[in-house]
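If you want the building blocks of each chain, they are given just below.
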Amino acid sequence: MPVAATIAQSGPDVMVVGRVTDALGLPIAGIEIYLQNLTVATFTRNRWSPRSIDDRDHRTASTDSDGRFRLRVRSAGSVLISASGPGPTAMGITVDPGVTRDLPVLQLELGLTQLPQVSISARSPETRASIPGATTTVGSDQLHSRAPLSVAAALRSVAGLHVADEDPYGLALNIGIRGLPPRRSSRTLLLEDGVPILLGPYGDPSMHYAPPMETLERIEIVKGSGQIRNGPQTLAGVVNFVTMTPPSAGRTAELKLGGGALNFRNALVRVGMGSQTAGFAVDFTHREGGGIRIGESHRLQHVSLNARRTVANLHVLSLKLAQWNESSTTVESGLTQQEFDTNPLVLSLVDDGRFEVKRHVAQLTHVSSLGDVVLRTNAYVSRTNRASWRQSGESGERLGAPDYADDFNCAPNALSYGECGNQGRPRTYVVAGIEPKVEVTLGDIERGVKLDAGMRVYAESVRRRQFVGATATSRESSAELTRDNGIESRVLAGYMQSRVFSGMWSVSPGLRIERVAQEIRNRFPGSEAAITQMYTQLLPGIGVSVSPSSNATFFVGAHRGFAPPRPADIYRPEPGQSVVLVDPELSLNLELGTRITSSRGAQFEATLFQMDFRNEILEAPANAGQRFINGGQTLHRGVELAANLALPMIAQGLPDLSLRSSYTYLPIASYRAGGNRDPLLVGNRLPYAPEHLVTASIAYAHRAFTVGTSFEFVGGQFADPQNLLEASADGQEGALPAYTVTSAFGSYALPLSGWQLRASVRNLFDRVYITQRNEGILTGVRRLARVELHWRY
């Protein structure tokens, strides 16, 4: 792990700026850097840590997502710089600023605990080599130092990602990649520590849970043919949330307390201790605050235990136990056009809406290293209960609308919602799986072969019920059961991928197999209907890359995209109605791109992409008796650009400015002929596929202060296949105008205290903008200013 740094004179002090990279020159975030003036203190331990440094003149820093760090010390005497990762050994060097202004490379010896147990992207040269195509890491700088409000806000900086607001805190993540619809992230594979976290990845892929940002170390995004290592969704991209691990040396404690507008409050308490052989950490997270609309409120609590045990420096066992509890006052219905025009922040039904999610997770990971062979096994089980009670599920369900009185049990001639009942939709998801994987390395990165293989044995049970209550506050005990659907999925999946190195060239062929058996059973009051289906999908992929230098890589890749057919939504017949099963969604995905990283800290990535769907799943006509059908061909084609730049890394004397930007241009996202496609739709633009996505941020640091600003631009979108410009009365059709959101952030670190004050403002100018029309009009987050006090020991 090279650490390169430069000493720059600044007044009476010396500024040390540097960057931590892997052997390929790629940045590594979260490495602790320790720098000390040796004229006032000496090191007394072999492992460098803050406790081994005299407090009279030392500085510490942590590398950001670009691997960068900056430290200031007195100019007199020799300077010692050291770095510490989670491995068992760290090394240091000394330099004399009066003799040299360039620090030599510092190498860290990594032990078994540094093995990328849950990583899917560039955490080491070997991992990077096995992931062809575009990859991105959102590191600690974007997750913590810039104080974003949620993981949704942090993910918006990634090229190709369209993240639509539904609540201020990212509890219901809506992520669309490369023009796919963002609704509930149903076509984006989401992982936590390598484990799928869509509530029902095979039977009901939807997202009503996101790991608390306070507990995350980084977020990894993989696009291209590297997706076939994961699954089941391999269409456009994989997002992996990586949580913090137990300490490997000594004790740790962390405290965060924050508050702000909309009654926002948050807290984190984290304690742990560890050594090279064992460690544990316990986290407690609390968040609460108002919603986008007046009257909404959200509250969540998350508790987790992470433990690690190393045996004979050959085996590592990791255990994670977690519990999530969300309780919100909200409804899923959006606004009608008239309601939006009257007041876009008010929905009269919000006081009657309740949304609750309870989630329990257990994950056990075993890693073993036997020379050039690494064995990993992930075993996991989770249970999620999600329940919503509301007087309207979408903007067409209003008092006076057809069928509303019957669907919501209204009194005869009801004139107010208080005379009507409600609907409850409790759902239960139970998943369990075991995933053994093996990695074999033959030769080296210059000439050799790396083989990856793994399999997944997986079971999933989804139960979806619906109740109609007699009053606005009814619950299951006082309501009538009107629907009881179950989806049982049994899966056997596997993949094999190799990477062949030959000089500056590498080739990465791979294949994934998904074997899925499902039973869909609808238990109607007084009757029952059931159907089974089984399918096998072969998902090949290949990537080729060439690296003419250590700072540049060019790559090309192709793979077959796949997404399950969502039987929970397509099989909802009334008794006696026929059902047409929907086939899995398939696509041919192509990538061509380059990654360039200069020795001065600048990064640039460009990727051309195309996704050609042959049987996209579409909304069915109202009289079809089911929600989805296979509709035919669609085409996505565009380019992603991303650039990061740090001025102090370019030349001495430049201000400490860092710039970050991304741009996604999607000129083609359109319907093609085929299947059940209406000929009039051919050539129309796909819904929720903005042509332009732009993000940019600039941050300035001076001593212990950092301030910055960012903006996001989302181009215009259509909400319907007909590409209507005028809004419908229910607000579910029509154009979504382009919008820009400006935010600001700042921080101040109290010297030598472990305390840091952070502040941020989302939607600085309090713009009102539309993010969705799926169940009516949803607007973006109102202006939300917050401050946070962070202490770490």
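Note that the structure is a prediction, hence the values are computed from the model and not measured.

When helices and strands are tallied, the chain shows six helices and 42 strands. For the chain, buried positions account for 58% of its 793 residues. Sequence separation of at least 24 residues holds for 66% of the intrachain contacts in the chain that already meet a minimum separation of 6. Put simply, the chain shows about 30100 Å² of open surface, and 59% of that area lies on carbon and sulfur atoms.

Moving on: the sheet that holds strand β14 (residues 216–222). Read across the sheet, five strands follow the order β9-β14-β15-β12-β13 without closing on themselves; strand pairing throughout is mixed. Each edge of the open sheet is held by one strand with a lone partner, namely β9 (135–138) and β13 (195–196). Two elements, β9 and β14, share four bridges in a ladder whose sense is antiparallel. By the bridge assignment, Val-138 is partnered in β14 with Ile-219.

Here the structure, examined in full by the defined rule, presents 37 salt bridges. Two residues, Glu-217 and Arg-218, come together in a salt bridge whose shortest N-O distance is 2.5 Å. For Arg-456, the salt bridge goes to Glu-435, with nearest N and O atoms at 2.8 Å. With Arg-456 in strand β25 (residues 447–469) and Glu-435 in strand β24 (residues 427–443), this pair connects stretches of sequence that are 21 residues apart. When its relative accessible area of 4% is taken as the criterion, Arg-456 is described as buried.

Membership of the largest hydrophobic core comes to 40 residues, with the highest contact counts inside it found for Leu-155, Ile-219 and Phe-241. If you list the elements that add at least two residues to this core, you get α3 (151–155), β10 (161–163), β11 (175–177), β14, β15 (238–243), β21 (354–370) and β31 (603–619). Among the elements that make up this core, the one with the highest residue count is α3 (four residues). The residues touching Leu-155, leaving out its near neighbours within four places in the chain, are Leu-161, Val-163, Ile-175, Ile-219, Ile-221, Val-239 and Phe-241. Grouped together as the second largest cluster of nonpolar side chains are 12 residues, Tyr-380, Val-491, Ala-493 and Phe-562 included.

All right, on to the pairing of strand β18 (residues 278–290) then. For strand β17 (residues 264–274) and β18, the ladder comprises 10 bridges, and the chain directions are antiparallel. Its bridge partner lying in β18, Leu-268 is registered against Thr-285. Here β17 hands over to β18 after three residues, the two strands then running antiparallel side by side. Here β18 runs beside strand β19 (residues 297–311); their pairing, made up of 13 bridges, is antiparallel. Each bridged residue has a counterpart across the sheet, and for Arg-287 the counterpart in β19 is Leu-300.

Bringing the state of the cysteines into the picture now. This structure, assessed with the given rule, holds one disulfide. Paired by a disulfide, Cys-410 and Cys-420 hold their sulfur atoms 2.0 Å apart. Measuring the twist about the S-S bond at about 105 degrees, one finds the Cys-410-Cys-420 disulfide to be right-handed. Of this pair, Cys-410 sits in the loop between α5 (404–407) and β23 (423–424) while Cys-420 sits in the loop between α5 and β23, and the two are 10 residues apart along the sequence. Relative accessible area serves as the criterion here: at 14%, Cys-410 is assigned to the buried category.

Moving on: empty space enclosed by the protein. Taken as a whole and judged by the stated rule, the model has 17 cavities of 30 Å³ or more. What the second largest cavity holds in volume is close to 380 Å³. What lines the second largest cavity is a set of 25 residues, and nearest its centre among them are Pro-148, Ala-153, Ala-154, Ser-710 and Glu-712. Sorting the residues of the lining of the second largest cavity by element identifies α3, β33 (657–671), β34 (692–702), β35 (705–714), β38 (739–749), β39 (755–762) and β42 (784–792) as the ones contributing at least two each. Taken together, the residues of the lining of the second largest cavity break down into 11 nonpolar, eight polar and six charged.

For the rest of this paragraph, the subject is the side chain of Arg-187. Position of Arg-187 relative to the elements: it lies in the loop between β11 and β12 (189–192). Judged by its relative accessible area of 10%, Arg-187 falls in the buried class. Among the polar contacts made by the side chain of Arg-187, one reaches the side chain of Glu-585 at a distance of 2.5 Å. Ignoring anything within four residues of it in the chain, the contact list for Arg-187 reads Leu-180, Pro-181, Gln-233, Leu-235, Glu-585, Phe-613 and Glu-616.

Bringing a nonpolar patch on the surface into the picture now. A contiguous nonpolar patch, built from Val-269, Val-271, Met-273, Phe-280, Val-282, Phe-284 and Val-303 and spanning about 520 Å² of accessible area, is present on the exposed surface. If you list the elements that add at least two residues to the nonpolar patch, you get β17 and β18.

One can find Ser-747 in strand β38. Every residue in contact with Ser-747, bar those within four places of it in the chain, is listed here: Ser-145, Ala-704, Phe-705, Thr-706, Gln-756, Leu-757 and Arg-758.

With that out of the way, let us pick up the side chain of His-636. Relative to the helices and strands, His-636 resides in strand β32 (residues 628–646). Classification of His-636 as buried rests on a relative accessible area of 1%. A distance of 3.1 Å separates a polar atom in the side chain of His-636 from the backbone oxygen of Arg-178. Setting aside residues up to four positions removed in sequence, His-636 forms contacts with Arg-178, Gly-179, Leu-180, Phe-609, Gln-610, Met-611, Phe-613, Ile-668, Ala-669 and Leu-686.

To continue, consider the environment of Asp-407. Relative to the assigned elements, Asp-407 resides in helix α5. On a C-alpha basis, the gap between Asp-407 and Glu-397 in space is 8.9 Å, while along the polypeptide they are 10 residues apart. With near-sequence residues (within four places) excluded, Asp-407 lies in contact with Gln-423 and Val-468.

Turning next to unusual backbone geometry. Of note, the bond from Gly-231 into Pro-232 is cis; its omega dihedral lies within 30 degrees of zero at 15 degrees. Positionally, Pro-232 belongs in the loop between β14 and β15. Although it is not a glycine, Asp-193 sits at a positive phi angle of roughly 50 degrees. Tracing the sequence through the fold places Asp-193 in the loop between β12 and β13. Residue Asp-193 is classed as buried on the basis of its relative accessible area, which comes to 7%. A positive phi angle is found at Asn-763, which is not glycine, with a value near 60 degrees. With respect to the helices and strands, Asn-763 occurs in the loop between β39 and β40 (770–772). We classify Asn-763 as buried; its relative accessible area is 0%.

Procedures and definitions
Residues numbered from 1 in each chain as written. Predicted model: local features only at pLDDT ≥ 70, side-chain atom pairs only at ≥ 80, totals over all residues. Heavy atoms only, no water. Helix = DSSP H or I, 4+ residues; strand = E, 2+ residues; numbered from the N terminus. Buried < 20%, exposed > 50% of the residue type's maximum accessible area, 1.4 Å probe, protein only. Contact = heavy atoms within 4.5 Å. Areas by Shrake-Rupley, 256 points an atom, 1.4 Å probe, with all protein chains shown as cover. Pairing = 2+ DSSP bridges. Salt bridge = Lys/Arg side-chain N within 4 Å of Asp/Glu carboxyl O. Core = buried A, V, L, I, M, F, W, Y, C linked by side-chain atoms within 4.5 Å. Disulfide = S-S within 2.5 Å. 1 Å grid on protein atoms, 1.4 Å probe; cavity = no way out; pocket = protein on both sides within 12 Å on 5 of 7 lines; lining within 4 Å. Points joined across faces, edges and corners; volume = space filled by probe spheres on them. Nonpolar A, V, L, I, M, F, W, Y, C, P; charged D, E, K, R; others polar. Polar contact = N/O pair within 3.5 Å; in protein donor to acceptor, adjacent residues only side chain to side chain. Patch = residues over 30% accessible without salt bridge, like charges linked within 9 Å, V, L, I, M, F, W, Y side chains within 5 Å.

None of the figures reported here should be taken as evidence of function without further support.
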